[in-house]
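# Structure at a glance
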Amino acid sequence: MSEPREPDDLAAWADDDLVRALRAPGTTTELADEAQVLAAFRAARPVTGIRSLPRRAAGRLGAGGTAVVVTVALTSGVAAAYTGNLPDPVQRVVHSVLGPIGAPAPDADRAATGAPTDPRHPNATGTTSPTAPGPTSSPTPSGTTPSAGPTASPTGAGHTRRRPGDGSSTGPTAGPGSEPTSGPSASSTPPTTTAAASGVTISGTGHRADVGEIVSLSGVVTGIDGTGLPAQRVVLQVRGPRRWRPVAEATSDDSGAVAFTTPALTRSARFRLRTDPHLRSAAWVVRMVPLLSTSALVGGTTTTINATCQGCRGGDRVELYRWVDHQPRLVRRGRLDPAGSAQVQVVSPQRNTRYAVRLLATRRHTAARAAVAVTPPAAASVSVEAASHRVLVGQSVTVSGVVRAADGSALPGRRVALQVRGPQRWRVVARAATDDAGSVSFATPLARRTTAYRLRTVTGTHSPAWRLAMMPLFDATASTGATTVTLTATAQGGRAGDQVVLLRRSGARLVRLRHGPLGADGAVTFVVSHRRLDTTYVVRLRGTRVHTPAVTQVTVTGTG
C-alpha cells in the first residue's frame, strides 16, 4: 500500500520545526508510561468502537488542522494534549480543532511564572504516573501516590484534572525525574510529595499599608483531608495590568505553611498564592495609604496652604475644608501638580482656625487627610501719624496708623484702640478696626491740654507716642487815659497762675516792662504811662505742661 501523499497545502510547512517535532517518533521518556496513560485515558472515556473519520469530516478540519491532529494522534502526545501539557502553540492548535473537551486551552499562568511546559524538559514541574479511576487504586510506579477517591480524574504529565463540583484541584506530585524546587525553604534534597494538594489559603498582617511599607503574607497548603502538605512549591503572584506575575517563590514547611514578604508598596495591589497552574488562593488586597502633609504660610491678607503627597500622581484631586462650628465646610478644590503638591490660598483668618486637606481615593491609593492649624499673624508693628503736633485749644486732629505683620504685610480686620496718656497710665478713648489695607484712623477728643496719643492692638502691640501740644488762644487789648494806658491780656486754655510778661518794642529790641500771673478768669492787667509817640507792646504767655507759649501784641497811639 502506497504512503499517503502529503496535501499540497502543507508543502510550505514540511521543513517547519514545529511540524517536524510533531511528526517525530516519541522518545523513550515519553513512551515510558504509555500503557498506563492510555489505560487511564480509556477508563475515563470508554470507547465502544474505533472508526476512522469520514473523508468529508477530515476535509472540514482543514489541511493544517488535520496535520496537527493526526500528528498528535500518531505520537505519545495524546495524553499530553488531553491534559494540556503540549507546548502552548501546539496545545492552542489542538484546542481550536478538538475543542475544550478534547484538549484544554494552554495555561496562561504556566507561561507567566516561567514553569517549564514541555514534559521532556529537565526542569519540568514533576511527573506523576496516572492511576486508573475506580474504588481501588491501581499499582503505581515507585515514588508516586495514586489519586484519592473513587471519582479521581485521570492524570497526565504531572497534573491532575479538577474534579467537577468541588472547586478544588490536585497539584503536581514529584516524580522520579523531577528537579528540586528553588525558594527560601528549599532543601538540598529534592522534596518528595506524599499527597496531592487540594487547597491553599492566604492571609496577611492587614489590608492597608503605608507607601513604601513591606507587607508579610502567609499561607497553608492542604490536602484533601485538610492537613498541611510539606514540600509544596508555592509562588507569590501580584496582579499586573494584564496578568498575574510572579513575585517570590518558596516551599511549604512540615506543617504546610509558607511565608512571603512583598516588595515595598508603591500602589494598591492584589496578591495570591499558586501551587500549580490550577490551584490558587483567593486574592489578598492591600491598599496603599499615601503620605499627605500640609503646612500654612500665613500672611497679612492671604494665607497659602501647601499640601504635599508621597505616593500620589499629578492630577489627583484634593479638597480644602475649614472647621466652622465644629463642622467641616468645603472651601476650595484643586489638583496635585506633577511634583505631587498643591497650593490653595485663602483669606487670613482673624482667629485661630483649623483647616483640613483631603486627598480623594484613586485606584492606586486610598483617601488621605491631613490637618493644619492656622494662627493669625501677630501684629509686629503699629505706626501712628497726624497732620501736626500742635492743636488749638478746643479743636481736634485726626490720628491714623497701619498695623503690619513681621513680614511687613498689612493686617486687615484688627481691633485697634486709641489711647491717651493720663496722669498715671494710658487710657482708651476710642476703638476701631483696620481696613483691607491694615489702616485705621481716629479723631482725637477736643484739646484741653497738651497730651500724648498712641495706637494699640488687642494683642498688646502699640505704636510710639504722638505728642499733641495744645496752643491757647491769647489776645491783648489797650485802653488809654490822659497819662496812663491799661493793657489787658486774656488766655483761653491758660490756667490761673500762668505767668504773662509785658514787653515794649524799642527799635529792633524788646524792653521788659512788667510781668504778672493770670487770674482765675484767665486774664491779667498791666498799667503803663501814656507815651508821646506811638508805642507797640508785646504780651507773652509763658509755656507750661498744659499748653504751649503764646504771644500777642498791641499798638497804642501816642499823645503827641
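It should be noted that the structure appears before, not after, this text.
Criteria and cut-off values
- Residues numbered from 1 in each chain as written.
- Predicted model: local features only at pLDDT ≥ 70, side-chain atom pairs only at ≥ 80, totals over all residues.
- Heavy atoms only, no water.
- Pairing = 2+ DSSP bridges.
- Helix = DSSP H or I, 4+ residues; strand = E, 2+ residues; numbered from the N terminus.
- Axes fitted to C-alpha atoms, helices over the stretch in contact; angles between N-to-C directions.
- Core = buried A, V, L, I, M, F, W, Y, C linked by side-chain atoms within 4.5 Å.
- Buried < 20%, exposed > 50% of the residue type's maximum accessible area, 1.4 Å probe, protein only.
- Contact = heavy atoms within 4.5 Å.
- Disulfide = S-S within 2.5 Å.
- Salt bridge = Lys/Arg side-chain N within 4 Å of Asp/Glu carboxyl O.

It is worth spelling out the sheet that holds strand 18 (residues 368–374) at this point. The antiparallel open sheet is built from four strands, whose spatial order is 15-14-17-18. Looking at which strands have only one partner, the edges of the open sheet turn out to be strand 15 (327–335) and strand 18. Taken pair by pair, the neighbouring strands of this sheet meet at an average axis angle of 25°, ignoring direction.

Looking now at the nonpolar core. Across soluble globular proteins, nonpolar side chains show a tendency to be buried alongside one another. Judged by nonpolar contacts, the single largest core of 24 residues is most densely connected at F442 and L455. By size, the runner-up hydrophobic cluster in this structure holds 21 residues, among which are A209, L217, F260 and L273.

Note that V416 resides in strand 23 (residues 415–421). Given the relative accessible area of 2%, V416 is considered buried. As for V416 and S439, which are separated by 23 residues in sequence, their C-alpha atoms are 9.8 Å apart. What V416 contacts, discounting residues up to four positions off in sequence, is V403, A430, R431, A432, T434, V440, F442, L455, R456 and T457.

It is worth spelling out the side chain of S463 at this point. Structurally, S463 can be placed in the loop between strand 26 (451–457) and strand 27 (466–471). Ignoring any residue separated from it by four or fewer positions in sequence, one finds S463 in contact with V382, S383, V384, R454 and L455.

Our next topic: the state of the cysteines. Scanning the entire structure with this criterion turns up one disulfide. A disulfide bridge connects C309 with C312, and the sulfur atoms are separated by 1.7 Å. Taking the relative accessible area as the measure of exposure, C309 reaches 8% and is therefore buried.

To continue, consider the sheet that holds strand 27. In space, the five strands of this open sheet follow the order 21-27-26-23-24, with mixed pairing throughout. Taken across any chain shown, the strands that pair with only one partner, and hence form the sheet edges, are strand 21 (390–392) and strand 24 (426–433). Direction aside, the axes of adjacent strands within the sheet are offset by 30° on average.

Moving on, we get to the pattern of salt bridges. If the charged atoms of two oppositely charged side chains come close together, the side chains can form a pair. In this structure the tally under the stated criterion is three salt bridges. Ionic pairing is found between E249 and R233, a salt bridge with its closest N-O pair at 2.8 Å. Of the two residues, E249 sits in strand 7 (residues 244–251) while R233 sits in strand 6 (residues 233–239), which places them 16 residues apart along the sequence. Overall, the relative accessible area of 23% leaves E249 in the partly exposed class. With relative accessibility at 17%, the residue R233 sits in the buried group. Salt bridges here are not isolated pairs; linked through shared partners, they connect E319, R333 and R358.

Remember, this is a structural readout, not a statement about activity or role.
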